[in-house]
Amino acid sequence: MVNKKIIKKIKIQKINGGKATPAPPIGPILGSSGVNIMEFCKQYNSITNNKSGIICPVVITVYDDKSFSFKIKNPPVSFFLLEILKKEKGSKEPNRIKIGRVSLNDIKLIAEKKMSDLNCFSIDSAISIITGTAKSMGIEIY
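To start, this report covers the structure provided alongside it. (Residues numbered from 1 in each chain as written. Predicted model: local features only at pLDDT ≥ 70, side-chain atom pairs only at ≥ 80, totals over all residues. Heavy atoms only, no water.)

1. Here's the deal with the sheet that holds strand β3 (residues 68-72)
Inference 1: With antiparallel pairing, three strands are arranged side by side in an open sheet as β1-β2-β3. Sheet topology places β1 (6-12) and β3 at the edges, where each strand pairs with a single neighbour. Each neighbouring strand pair of the sheet contributes to a mean axis angle of 15 degrees, computed without reference to strand direction.
Inference 2: Both strand β2 (residues 58-63) and β3 contribute to a ladder of five bridges, which runs antiparallel. Within β3, the position partnered with Val58 by the bridge is Ile72. (Pairing = 2+ DSSP bridges. Helix = DSSP H or I, 4+ residues; strand = E, 2+ residues; numbered from the N terminus. Axes fitted to C-alpha atoms, helices over the stretch in contact; angles between N-to-C directions.)

2. What to know about the packing of aromatic side chains
Inference 1: Overall, the coordinates contain six aromatic pairs when judged by the stated rule.
Inference 2: Their ring planes at 20 degrees and their centres at 6.3 Å tell us that Phe68 and Phe70 sit as a pair that is stacked.
Inference 3: Note on Phe68: relative accessible area 16%, which makes it buried.
Inference 4: In textbook terms, an aromatic cluster arises when at least three aromatic residues are bridged by ring pairs, as seen for Phe40, Tyr44, Phe68 and Phe70.
Inference 5: Cation over ring: Lys4 sits above Tyr63, and NZ or CZ is 5.5 Å from the ring centre. (Phe/Tyr/Trp six-rings, centres within 6.5 Å; stacked < 30°, edge-to-face > 60°. Buried < 20%, exposed > 50% of the residue type's maximum accessible area, 1.4 Å probe, protein only. Lys NZ or Arg CZ within 6 Å of the ring centre and 35° of its normal.)

3. Let's talk about the nonpolar core
Inference 1: Core analysis: the biggest nonpolar cluster contains 19 residues, and Leu81, Val102, Ile107, Ile110, Ile130 and Ile139 have the highest contact counts within it.
Inference 2: Looking at this core, the elements with two or more residues in it are α3 (77-85), α4 (104-114) and α5 (123-136).
Inference 3: Sequence-distant contacts of Val102, that is, excluding residues within four places in its chain, are made with Leu81, Ile84, Leu85, Ile107, Ile139, Glu140, Ile141 and Tyr142.
Inference 4: Ile10, Val35, Tyr44 and Phe68 belong to the second-largest nonpolar core, a separate cluster that totals 16 residues. (Core = buried A, V, L, I, M, F, W, Y, C linked by side-chain atoms within 4.5 Å. Contact = heavy atoms within 4.5 Å.)

So, in structure tokens, the structure goes:
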């Protein structure tokens with residue numbers, strides 16, 4: 001395989017699995033980079049078809065010949081926390097209004113799932129990051 005020159009890396013955070021369309025935000029972002037939008041949508045949807053309704057962030061690498069490759073990441077930590085609590089969204093005032101409680105064991109399970117996406121090297125660091133996210137959403141840890 002010939003080495004291609006990377007011209008851009010694009011991160012899109014809020015795409016539901018199996019539901020990528022050329023509509024905003026995907027279309028304008030990829031169109032400005034010269035990527036074939038429909039081709040990306042087809043490939044993304046075929047890979048994430050079994051993750052319908054789950055947010056699957058993606059990092060797209062665009063090459064100089066307008067071809068692309070992409071890597072699908074795990075859903076955000078907030079998604080996992082809200083899924084455990086069966087809530088729609090976090091607290092508007094996390095320091096005053098709490099939306100629920102999550103066990104440290106649940107935090108550890110999330111940390112193990114997200115380890116590859118987090119900017120840390122130990123499970124303790126990952127637990128610390130996820131605990132901070134939970135507190136900022138109004139979730140207590142027990």
